Each structure stands twice: as C-alpha cells, then as structure tokens.
Amino acid sequence: MKQASHFQEATLPLFPQGDEDEAVQAAPLSVGGRLPSYIADHRQRLRTRFMEGGGQGVQEYELLEMILFRAIPRQDVKPLARRLIDAFGDLARVVAATPARLAQVHGVGPAVVMELKLMEAVAQKMARSRVIQRPVLSSWTALLDYCHTVMAHAEREHFRILFLDRKNVLIADEEQAQGTVDHVPVYPREVVRRALELGSSALILVHNHPSGDPTPSVADIDMTRKIAEACTVLGITLHDHLIIGKSREVSLRSERLI
C-alpha cells in the first residue's frame, strides 16, 4: 500500500499574484502560526538566485523545486525534489518519467505529475521548433538534440520517421509505433506508404533503445535494409537510421550498415 503523503496539492491560478504561495503555512511546519523564516523566505531567495544567474546559478534539484512550487504551495518541497532526483537519477529523467512511475514516489500526486508533464511537453516543442521546416542536413546538431529530448529517456521503444522534401527540409515528424522495452514493430510498406502520402522525397528513421545502449541489433539492421529496399523501388532516399541511447546515438549510415 502506498504511504499517505503529508504534501497537500491544490489548484492554483495560472498567474499567481505576488508570493501568495508562501503567504499561508501548513500546520505541520507552523511556529506560532507562522512559517519558520528559513522556509518562508526560501522560495523568494531561490527565485532571485535563478533570475540573477539563470539555470547556471541553481542546482538541478533546485530547478525541480521551482517546478514543484505551483503544484504544492506553502510547503517545503525540497525533500520531494531530492526524492525524485534520487529515484530517477537526474532532472531529465524525472521530467520524462511516466505518470505511473512518478506516482510511486512518496509525495507525488496528480498536480505534481501535471507540472512535470507540462515541462516535458514544453521542452519537446522547443526542440522541435529548431528543426521543423528547416534543412535537416545543415541543422544536424539541432536534429540530434531534438531526438534525444523526445526519445532518450523513454521506457519503451518508439519509432519515428522524419519526412524531408527535395531540398531536405523537414516537412513532418511522426511517431509510427511504440513497442516494449526491447522491440518495436515496424512495417516497411507502411513507412513508404506514409512517405508517398506526404509527398516526401527522403526519410530519416529514428528509434530509441531504453537500455541506454544504442548499438544496433541484427533486427535493427535487417529492418533498416528492408525499408531501404522499399524506398529505392519508389525513388525515395533513406538518408539514415538513428538509434538514440541515454547519452549518445548511433548512425547506421556512419557505421556503413546501410
């Protein structure tokens, strides 16, 4: 049975006025009906330090604290921030964790899950905006950053296709399938069918390895070659197949596997 949490989540206004999240104290921390000074001023000190130094001026768990401020008002969220970092390893993995796994951490409820999933969506949208409708081959670093942001910390395999036009501009980015921790079903006929529907002239395949090791398997290589053959018949170029791991990626083109 999951241990009951003393954290009290509450619905907050979209744009809080001033420091109202620090104005009222929850009973367990009250001293004479008021917040202890080290807690009462903590949020403002942390915000000030962040505004003066940006992300470089605060630790990862402190960034996570600030994300949690809205989900859990008027309480010390530092213990929960540290607990989440301990559970998942770093901030990126916390944000990318599934709602079910997040909910297993003591103190996490629906409001916390909502804030973390919101941050994940924003990060993915920002990364995607750097590559969509741009020449991919001249924005390769941004493309790799986007793939890592979207896929590196996923707990199951995901298969994406990046569709390019004749000038190698990214015109569409679609997830075609989700699988298990070590397999995702991919059908060459469906890949080329979708490329024809979009009028795409070239493709980049991308999938992740939840194990963290992006070394291609025999199945990965076989599947890629079958898709390459189907593309050749229809005059579509397969530029590459990228396998995304936790901290690096492997290009089957660079490895001369296609």
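Conventions we followed
- Residues numbered from 1 in each chain as written.
- Predicted model: local features only at pLDDT ≥ 70, side-chain atom pairs only at ≥ 80, totals over all residues.
- Heavy atoms only, no water.
- Salt bridge = Lys/Arg side-chain N within 4 Å of Asp/Glu carboxyl O.
- Helix = DSSP H or I, 4+ residues; strand = E, 2+ residues; numbered from the N terminus.
- Buried < 20%, exposed > 50% of the residue type's maximum accessible area, 1.4 Å probe, protein only.
- 1 Å grid on protein atoms, 1.4 Å probe; cavity = no way out; pocket = protein on both sides within 12 Å on 5 of 7 lines; lining within 4 Å.
- Points joined across faces, edges and corners; volume = space filled by probe spheres on them.
- Nonpolar A, V, L, I, M, F, W, Y, C, P; charged D, E, K, R; others polar.
- pLDDT = per-residue confidence, 0-100.
- Contact = heavy atoms within 4.5 Å.
- Polar contact = N/O pair within 3.5 Å; in protein donor to acceptor, adjacent residues only side chain to side chain.

Draft legend 1. Expanded view of the pattern of salt bridges. Tallied over the full model, the rule gives 15 salt bridges. For the salt bridge of R130 with D145, the shortest nitrogen-to-oxygen distance reads 3.7 Å. Of this pair, R130 sits in the loop between α7 (110-129) and α8 (140-151) while D145 sits in helix α8, and the two are 15 residues apart along the sequence. Here R248 ties to D213 by a salt bridge, and the two come within 3.7 Å at their closest N and O atoms. Here the residue R248 occupies a position in the loop between β4 (237-244) and β5 (249-251), and D213 occupies one in the loop between β3 (202-208) and α10 (218-233), the gap between them amounting to 35 residues. The exposure class of R248 is partly exposed, given its relative accessible area of 42%. Within this structure, E174, E190, R193, R194 and E197 form a network of salt bridges that share partners.

Draft legend 2. Spatial organisation of the layout of surface pockets. Taken as a whole, the largest pocket spans an internal volume of roughly 540 Å³. Element by element, the count of residues in the lining of the largest pocket is highest for α7, at seven residues. Of the residues belonging to the lining of the largest pocket, the class tally is 14 nonpolar, three polar and four charged. For the second largest pocket, the calculated volume is near 290 Å³. Lining the second largest pocket are 18 residues, with A96, E120, A154, E155 and H158 positioned closest to its centre. Contributing elements (two or more residues each) for the lining of the second largest pocket: α7, α8, β1 (158-164) and β2 (170-178). Of the residues in the lining of the second largest pocket, the class split is six nonpolar, six polar and six charged.

Draft legend 3. Local environment of the confidence of the model for the protein chain. For the protein chain, the average pLDDT comes to 84, and 84% of its residues sit at 70 or higher. Overall, residues 1-6 carries pLDDT values under 50, and its contacts beyond four positions in sequence, including any with other chains, amount to eight contacts. The model gives residues 10-31 a pLDDT under 50, and that stretch makes 37 contacts with residues more than four places away or in other chains.

Draft legend 4. Region of interest: the side chain of N208. In this fold, N208 is placed in strand β3. Residue classification places N208 among the buried residues on the basis of a relative accessible area of 1%. A polar contact is formed between the side chain of N208 and the backbone oxygen of R156, at a distance of 3.0 Å. A polar contact is formed between the side chain of N208 and the backbone nitrogen of H158, at a distance of 2.5 Å. Setting aside residues up to four positions removed in sequence, N208 forms contacts with M151, A154, R156, E157, H158 and I244.

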